[in-house]
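Each chain, written out:
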Amino acid sequence: MKTLVLAALLATSLTAWSQPAPEGPAMPPLDAAARTQAARELARQLRDRYIFPERVKDLEPQLQAAAADATDAPSLAEKLSAVLAETTHDKHLRVDVMPEMPGRAKAEAAEMAESFRYGNYGVTRVERLRGNIGLLELRQFAPVRQAGPVIAAAMTLLANTDALIIDLRRNGGGDPETVALLASYLFDKPTRLIDIRWRAGNRLEQHWTSAKVAGPRYGQRRPVYVLTEHETFSAAEDFSYGMKARHRATVIGETTAGGAHPGDGFRISPELMVFIPTGRSVDFVDGGNWEGKGVTPDHAVPAAEAFTLAQRMALEQLLPAEKHPMKKGGLERALKALDAPAKP
């Protein structure tokens with residue numbers, strides 16, 4: 001399963017390398033020359049590509065010292081990653097084991113495609129809750145070309161609800177274009193979201209909601225609630241930050257993980273790859289982002305309590321304005337059900 005995760009990380013620009021490689025057969029030792037060369041190549045790639053070159057321009061001696069203490073590829077990846085984490089505090093920047101093999105790229109692409117399909121392109125739950133509240137649970141922002149039709153189908157099913165909960169508590173990130181696609185359903189007109197400033201050419205890439213969407217648009221008059229936890233990461237933080245900054249959604253749950261630097265994977269040895277952030281997310285309004293600090297929720301509660309609180313807030317927001325007796329009664333019964341003791 002970890003192989004699928006790593007392949008997905010190389011293919012999407014806002015996903016974290018957040019776990020070490022899985023245990024498997026012992027890898028052969030790396031000689032001193034190979035370790036030295038890997039550290040040297042890592043230092044070069046960082047100087048050439050990292051979004052903050054001033055943080056890594058003098059890093060090679062520390063990388064070489066770490067490499068000298070390694071024995072094989074997994075230990076070298078771990079020690080190099082530790083240096084990067086300690087010196088840059090960048091949650092996307094990481095070295096991982098990914099041996100170079102003939103035909104590997106094609107096999108991993110097929111494996112990754114099947115992983116996305118098996119995960120329904122991130123859409124894991126679509127439901128109409130009591131009180132006509134919609135629920136969309138997303139575990140990832142899969143590539144927009146494949147995720148688009150699934151998200152369109154989900155938003156069509158939710159189009160007639162009176163409020164919407166978007167659950168990102170187990171979402172580790174993905175494609176920023178899919179972030180913009182989902183956001184497009186929640187605004188009535190094109191709206192600028194979170195931009196990306198790339199190091200290459202100092203290029204600013206603007207992200208906007210689309211003027212047209214497949215299926216019905218949810219619009220921006222109905223309330224939306226976004227659920228987060230401390231492991232909500234990267235593109236999921238992009239969505240949460242953007243919805244909060246544009247005053248389009250209420251964020252409920254825990255402060256997110258704090259990874260705002262998109263990038264790509266680069267080879268530093270036959271055994272190792274590094275994910276290097278080559279850009280940074282930036283809000284054109286205030287110039288800020290969530291790197292290192294996360295997205296702070298509007299209502300901070302433990303992640304396990306966020307869903308119930310969102311339901312309650314939605315129902316309490318809808319109830320005062322509801323005049324239709326049948327619908328008003330439905331809202332009251334839904335609120336009462338939230339207060340009922342759980343059945344054993």
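Whatever comes next refers back to the structure up there.
Remember, it's a predicted structure, so these values are computed and weren't measured experimentally.

Asker: I tried to follow the overall build of the protein on my own but got confused; where do I start?
Answerer: Each helix and strand in the protein was counted, giving 10 helices and 14 strands. Expected size for 344 residues packed as a compact globule is a radius of gyration near 20 Å; at 22 Å, the protein falls within 12% of this value. Viewed in the frame of its principal axes, the protein has a C-alpha envelope of about 80 × 45 × 35 Å. Each of the 344 residues in the protein was classed as buried or not, and the buried ones make up 53%. Partitioning the contacts of the protein with sequence separation of at least 6, the portion at a separation of at least 24 is 75%. Only carbon and sulfur atoms are counted for the fraction: they give 54% of the accessible area of the protein, which is about 16,200 Å². Positive and negative side-chain charges in the protein, numbering 43 and 42 respectively, have mean positions lying 7 Å apart.

Asker: Which parts of the structure should I look at to understand the packing of aromatic side chains?
Answerer: A ring pair, where both rings are aromatic, is described by two values, the distance of the centres and the angle of the planes. Scanning all chains against the criterion turns up 3 aromatic pairs. Seen from their ring centres, Y50 and F52 are 6.0 Å apart, and the 80 degrees between their planes marks the pair as edge-to-face. Judged by its relative accessible area of 0%, Y50 falls in the buried class. A residue is classified by how much of its surface remains accessible, and F52, at 15% relative accessible area, is buried. With a centroid separation of 6.0 Å and an interplanar angle of 35 degrees, the aromatic rings of F141 and F239 are classed as tilted. In this pair, F141 is assigned in the loop between strand 4 (133-138) and helix 6 (144-157) and F239 in helix 8 (residues 235-245), connecting sequence segments 98 residues apart. For the residue pair F141 and F239, the accessibility class agrees, reading buried in each case. One residue, R55, lies across the ring of F52, its end atom 3.9 Å from the ring centre.

Rules used throughout
Residues numbered from 1 in each chain as written. Predicted model: local features only at pLDDT ≥ 70, side-chain atom pairs only at ≥ 80, totals over all residues. Heavy atoms only, no water. Helix = DSSP H or I, 4+ residues; strand = E, 2+ residues; numbered from the N terminus. Rg over C-alpha atoms; globule rule 2.2 N^0.38 Å. Buried < 20%, exposed > 50% of the residue type's maximum accessible area, 1.4 Å probe, protein only. Contact = heavy atoms within 4.5 Å. Areas by Shrake-Rupley, 256 points an atom, 1.4 Å probe, with all protein chains shown as cover. Lys, Arg positive; Asp, Glu negative; His and termini not counted. Charge placed at Lys NZ, Arg CZ, Asp CG, Glu CD. Phe/Tyr/Trp six-rings, centres within 6.5 Å; stacked < 30°, edge-to-face > 60°. Lys NZ or Arg CZ within 6 Å of the ring centre and 35° of its normal.

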